[in-house]
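Summary of the model geometry
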Amino acid sequence: MAYRVAVVGATGAVGREILKTLAERDFPVREVVALASGRSVGIEVSFGEKSVLKVQALERFDFKGTDIALFSPGASVSAVHAPRAAAAGCVVIDNTSQFRMEPDVPLVVPEVNPQALKRFEKRRIIANPNCSTIQMVVALKPLHDIARVKRVVVATYQSVSGAGKEAMDELFNQTRSIFVNDPTVPEQFPKPIAFNCIPHIDRFLDDGATKEEWKMAAETRKILDPDIAVIATCVRVPVFIGHAEAVHVEFESPITEEQAEEALRDAPGVQLVDKREDGGYVTQVDAAGEDAVYVSRLRQDPTVPHGLAFWCVADNLRKGAALNAVQIAEALHEQGLIQPRR
Ligand SMILES: NC(=O)c1ccc[n+]([C@@H]2O[C@H](COP(=O)([O-])OP(=O)(O)OC[C@H]3O[C@@H](n4cnc5c(N)ncnc54)[C@H](OP(=O)(O)O)[C@@H]3O)[C@@H](O)[C@H]2O)c1
């Protein structure tokens, strides 16, 4: 039983990681098609160690006969082409923000709310959450099961790959320019990103928050519990791959450090690395290329009645995007919710 799979946005930071992840995890494919804009037609992208795929244009692609489409071409492109793929009978797993908050589109992190997948039939679209939300809810879920999360205060330290391949080039080129004393003009970010931190990701909303900060709150409520209050400050940092978060959680009922530690050790998708010594914690550089959500610096927060604080790190291109999307496809397959078409 093997599927015909389309990867949409295959030349991008997320699309390339999806191709890599599908091959590494041996997802049962009989054919993989790489799609991107007309600009990329004919470009070759790798699928695993041995295969190379020639990119085709999304615009002209007929999804009839394709079983699963993993989309990451940006929200406005998904808005047009994801429903077109779904209407042709394909199951769409969309990495963009386009459908995440639509009530009849499941927003899924397989370790947290796999039960939501069953509701995909109506639209045939499943949304992958924002990268910063995914890693936070994977770490919160085992703690929520013990003491119910009431409020989260989170500050993020997000890598430039979260803004795509051109943003990665900007950090590289700006860093080099500063060393050789060349002038630099920021294009992908509103201020210089080399040797700097920018407290602004996505656009500003009327209440002064950014859309990225709003997403962390709204998506956490949709995935984990509609009663959780979240206040986020999202910051872009000069790191290529990996997002880190300083998370402060207030619970409904008491929870000790030991209980939290035990729950996190057993939790799917989580690796607790917390030695309380020099280097005994995980950083973005350590997490790049890895699948786990790492939790370090776990400790009681004595400033609220039932509080914990921790540091959480994951590879935004893997668990924050590609891996989560492929895990959704695996869960659909394993739960018998999809069958390859002939
Ligand atoms: N980066 C992350 O950590 C992350 C995490 C979660 C979700 N996402 C979301 O995933 C999406 C892609 O992110 P990314 O980081 O991979 O961006 P990226 O590196 O800039 O790649 C964008 C991809 O979309 C394709 N594309 C653009 N316009 C297109 C069109 N009109 N038709 C077909 N394909 C088109 C590009 O193809 P060409 O090369 O032909 O232009 C490229 O393959 C965004 O919506 C982003 O918010 C990203």
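All figures in this text were calculated on a predicted structure; none of them were measured in a lab. (Residues numbered from 1 in each chain as written. Predicted model: local features only at pLDDT ≥ 70, side-chain atom pairs only at ≥ 80, totals over all residues. Heavy atoms only, no water.)

Neighbouring residues of the ligand: 27 residues in total, closest T11, S37, R39, S40 and S161. The backbone of G12 places a nitrogen or oxygen atom 3.0 Å from an oxygen atom of the ligand. Here an oxygen atom of the ligand and a side-chain polar atom of K165 are 2.9 Å apart. Considered on its own, the ligand offers 900 Å² of accessible surface; in the complex 80% of this is hidden by protein. Looking at the shell around the ligand residue by residue, the classes come out as 11 nonpolar, 14 polar and two charged. (Near = heavy atom within 4 Å. Polar contact = N/O pair within 3.5 Å; in protein donor to acceptor, adjacent residues only side chain to side chain. Areas by Shrake-Rupley, 256 points an atom, 1.4 Å probe, with all protein chains shown as cover. Nonpolar A, V, L, I, M, F, W, Y, C, P; charged D, E, K, R; others polar.)

In this section: the packing of aromatic side chains. Tallying each qualifying case throughout the model produces five aromatic pairs. Aromatic side chains Y3 and F27 sit 5.7 Å apart centroid to centroid with 25 degrees between the ring planes, which places their arrangement in the stacked category. Here Y3 is found in strand β1 (residues 3-8), whereas its partner F27 is found in the loop between α1 (13-24) and β2 (29-36), with 24 residues between them in sequence. In this structure, Y3 and F27 share a single accessibility class: buried. Both rings, one in F63 and one in F71, keep their centres 6.0 Å apart while their planes meet at 25 degrees; by these two values the pair is stacked. Considered together, F63 and F71 belong to a single accessibility category, that of buried residues. Ring-pair connections join several aromatic residues into one group, and the members of that group are F61, F63 and F71. (Phe/Tyr/Trp six-rings, centres within 6.5 Å; stacked < 30°, edge-to-face > 60°. Helix = DSSP H or I, 4+ residues; strand = E, 2+ residues; numbered from the N terminus. Buried < 20%, exposed > 50% of the residue type's maximum accessible area, 1.4 Å probe, protein only.)

Residues I68 and L70 line one face of strand β6 (residues 68-71) and the alternating positions A69 and F71 line the opposite face, and both faces are buried. In this sheet, β6 lies alongside β1 in parallel orientation, the contact comprising four bridges. Bridge pairing links V8 to F71 in β6. Here β6 pairs with strand β7 (residues 91-94) via four bridges, running parallel. (Pairing = 2+ DSSP bridges.)

What follows concerns the domain arrangement of the chain. Here the chain is partitioned into domain 1 (3-129 + 321-334) and domain 2 (132-316). Using only C-alpha atoms to locate each centre, domain 1 and domain 2 end up separated by 25 Å. Summing both sides of the interface, domain 1 and domain 2 together bury roughly 1600 Å²; the carbon and sulfur share of this comes to 66%. Between domain 1 and domain 2 we count two salt bridges in total. Its salt-bridge partner being D291, residue R25 comes within 3.9 Å of it at the nearest N-O pair. Taken together, the links from domain 1 to domain 2 amount to five residue pairs in polar contact (both at pLDDT 80 or more). Partitioning the side of domain 1 that touches domain 2 into residue classes produces 10 nonpolar, six polar and four charged. (Domains from an automatic or database assignment. Buried area = accessible area lost by both parts, 1.4 Å probe. Salt bridge = Lys/Arg side-chain N within 4 Å of Asp/Glu carboxyl O.)

Turning to the nonpolar core, a few remarks are in order. Ranked by size, the top nonpolar core spans 57 residues in total, and within it F63, V152 and F310 carry the most contacts. A per-element tally of this core places helix α3 (residues 131-147) first, with eight residues. Summarising the domain contributions, this core has at least three residues from each of domain 1 (3-129 + 321-334) and domain 2 (132-316). With residues near it in sequence (within four places) discarded, V152 still touches M136, L140, I228, A229, V230, I231, V247, H248 and V249. Within the second largest apolar cluster, 36 residues are counted, among which are L22, A36, L317 and A322. (Core = buried A, V, L, I, M, F, W, Y, C linked by side-chain atoms within 4.5 Å. Contact = heavy atoms within 4.5 Å.)

Okay, the UniProt feature "binding site: phosphate" (unreviewed entry) in the chain next. UniProt annotation of "binding site: phosphate" (unreviewed entry) refers to R100 when read in the numbering used here. Structurally, R100 is set in the loop between β7 and β8 (125-127). On the basis of relative accessible area, R100 is assigned to the buried category, the value being 6%. Apart from the residues lying within four places of it in its own chain, the contact partners of R100 are N95, V105, L107, A127, N128, P129, N130, K215, E219 and K222. There is a polar contact of 3.2 Å between the side chain of R100 and the backbone oxygen of T96. (UniProt positions renumbered as here; feature names shortened; annotations may be inferred.)

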